[in-house]
Amino acid sequence: MTDRVEFFFDLSSPWTCLAFHNLPALLERTGASARYRPILVGGVFNAVNPAVYAAREQADNRRLAHSWKVLKDWARLAGVPMNFPSKWHPAKSVAAMRFCCALEDDQAALVRFARGAFASYFGAQENLDDPAVLIAVADSAGLDGAAVAQAAVGDDAKARLRANTDELIARGGYGSPTIFVDGDDMYFGNDQLPLVEAALERTLP
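Residues numbered from 1 in each chain as written. Predicted model: local features only at pLDDT ≥ 70, side-chain atom pairs only at ≥ 80, totals over all residues. Heavy atoms only, no water.

(A) View of the packing of helix 2 (residues 41-48) against helix 9 (residues 155-170). It is at 9 Å that the axes of helix 2 and helix 9 come closest, and there the two elements cross at 40°. One element, helix 2, and the other, helix 9, form an angle in the oblique class. Judged by the sense of rotation from one axis to the other, the crossing of helix 2 with helix 9 is right-handed. Taking contact as the criterion, the partners of Gly43, Val44, Ala47 and Val48 in helix 2 are, on helix 9, Thr165, Leu168 and Ile169. Residues belonging to the contact of helix 2 with helix 9 are distributed by class as follows: 5 nonpolar, 2 polar and no charged. (Axes fitted to C-alpha atoms, helices over the stretch in contact; angles between N-to-C directions. Helix = DSSP H or I, 4+ residues; strand = E, 2+ residues; numbered from the N terminus. Parallel < 35°, antiparallel > 145°, perpendicular 65-115°, else oblique. Left-handed = near helix turned anticlockwise from the far one by under 90°. Contact = heavy atoms within 4.5 Å. Nonpolar A, V, L, I, M, F, W, Y, C, P; charged D, E, K, R; others polar.)

(B) Highlighting the pairing of strand 3 (residues 178-181). Residue alternation in strand 3 divides its side chains into two sets, Thr178 and Phe180 and Ile179 and Val181, and both sets are buried. The sheet contact formed by strand 1 (residues 5-9) and strand 3 spans 4 bridges and is antiparallel. Note on strand 3: the bridge partner recorded for phenylalanine 7 is isoleucine 179. Inspection of the sheet shows strand 3 paired to strand 4 (residues 185-188) by 4 bridges, in the antiparallel sense. Looking at the pairing, valine 181 lines up with aspartate 185 of strand 4. Here strand 3 hands over to strand 4 after 3 residues, with aspartate 182 in that stretch at a positive phi of 55°. (Buried < 20%, exposed > 50% of the residue type's maximum accessible area, 1.4 Å probe, protein only. Pairing = 2+ DSSP bridges.)

(C) Inspection of the packing of aromatic side chains at higher detail. Throughout the structure, instances matching the rule amount to 15 aromatic pairs. The structure contains a cluster of three or more aromatic residues connected by ring pairs, namely Phe7, Phe9, Phe20, Tyr36, Trp68, Phe84, Phe118, Tyr121 and Phe122. Above the ring of phenylalanine 180, the side-chain terminus of arginine 171 is found at 4.0 Å from the ring centroid. (Phe/Tyr/Trp six-rings, centres within 6.5 Å; stacked < 30°, edge-to-face > 60°. Lys NZ or Arg CZ within 6 Å of the ring centre and 35° of its normal.)

(D) The environment of serine 120, seen in detail. Here serine 120 lies in helix 6 (residues 107-123). For the pair serine 120 and asparagine 83, spaced 37 residues apart in sequence, the C-alpha separation works out to 10 Å.

(E) Quick peek at helix 8 (residues 145-152). Burial in helix 8 covers these residues: Gly145, Val148, Ala149 and Ala152. For helix 8, the angular spread of buried residues about the axis comes to 100°, placing them on one side. Looking at the packing, one finds that the buried side of helix 8 touches helix 5 (94-103), helix 7 (131-140) and helix 9. (Arc of directions from axis to C-beta.)

(F) Seen up close, the nonpolar core. Ranked by internal contacts, the top residues of the largest apolar core, which has 55 residues, are Phe9, Leu11, Tyr36 and Phe113. Among the elements that make up this core, the one with the highest residue count is helix 6 (9 residues). Membership of the second largest hydrophobic core comes to 5 residues, among which are Phe8, Ile39, Leu168 and Phe180. (Core = buried A, V, L, I, M, F, W, Y, C linked by side-chain atoms within 4.5 Å.)

(G) Main features of the environment of arginine 112. Counting through the fold element by element, arginine 112 comes out in helix 6. Once the C-alpha coordinates of arginine 112 and alanine 141 are considered, the two residues, 29 residues apart in sequence, prove to be 5.6 Å apart.

(H) Looking closely at the pattern of salt bridges. With the rule as written, the count across this model stands at 13 salt bridges. Among the salt bridges present, the one from arginine 4 reaches aspartate 182, with a minimum N-O distance of 2.8 Å. Here arginine 4 is found in the segment before strand 1, whereas its partner aspartate 182 is found in the loop between strand 3 and strand 4, with 178 residues between them in sequence. Aspartate 105 serves as the salt-bridge partner of arginine 160, at 2.9 Å between the closest nitrogen and oxygen. In this pair, arginine 160 is assigned in helix 9 and aspartate 105 in the loop between helix 5 and helix 6, connecting sequence segments 55 residues apart. Residue class for aspartate 105 comes out exposed when judged on its relative accessible area of 61%. Beyond isolated ion pairs, a larger network of salt bridges with shared partners links Glu6, Arg35, Arg37, Glu104, Asp105, Arg160, Glu167 and Arg171. (Salt bridge = Lys/Arg side-chain N within 4 Å of Asp/Glu carboxyl O.)

(I) Spotlight on helix 5. For helix 5, the full list of buried residues reads Ala96, Met97, Phe99, Cys100, Cys101 and Leu103. Buried positions along helix 5 lie against strand 1, strand 2 (34-38), helix 6, helix 7, helix 8 and helix 9.

The following block contains the structure:
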């Protein structure tokens, strides 16, 4: 069966953490399945959305300041620990996303690892860029962390991360999470999950 939902994601995004948590219930309600696609959100920003960096540099950015409050509101509603931002923010996520790419062909393993990585970064405030942290997360998810780490520094994982990121840019994406329904119906962010659900219900085969 073809996955009707594609979920392009970077582990460093708090909104992605929320959407990742909320998506499974949506999939269960609609009977749809999803494929999780690791990307490097910094590469997306550099290519098509550099305004993100400019906004971070503004000392009195009211919209950004309010977004942190809304983020905590969403986290409370979802029951997701959100100890953010931490001293590691903004995180370098290249190593973590290569771990994800090394696991992408085993979607169940990828989901377990990503769930643990989100909890590590946004719950325990651990360093998402530390290979030892990533290995421990993988081990806790029932994986061979050392083996995943070795695969993550290989050419295949690096090439897949570049390819996934380039594909998202080519398909119109501009951040994480970007969600596609049935190939070309694009949505962005945790806030748009109700629209994703409506699209799935509207286009039932």
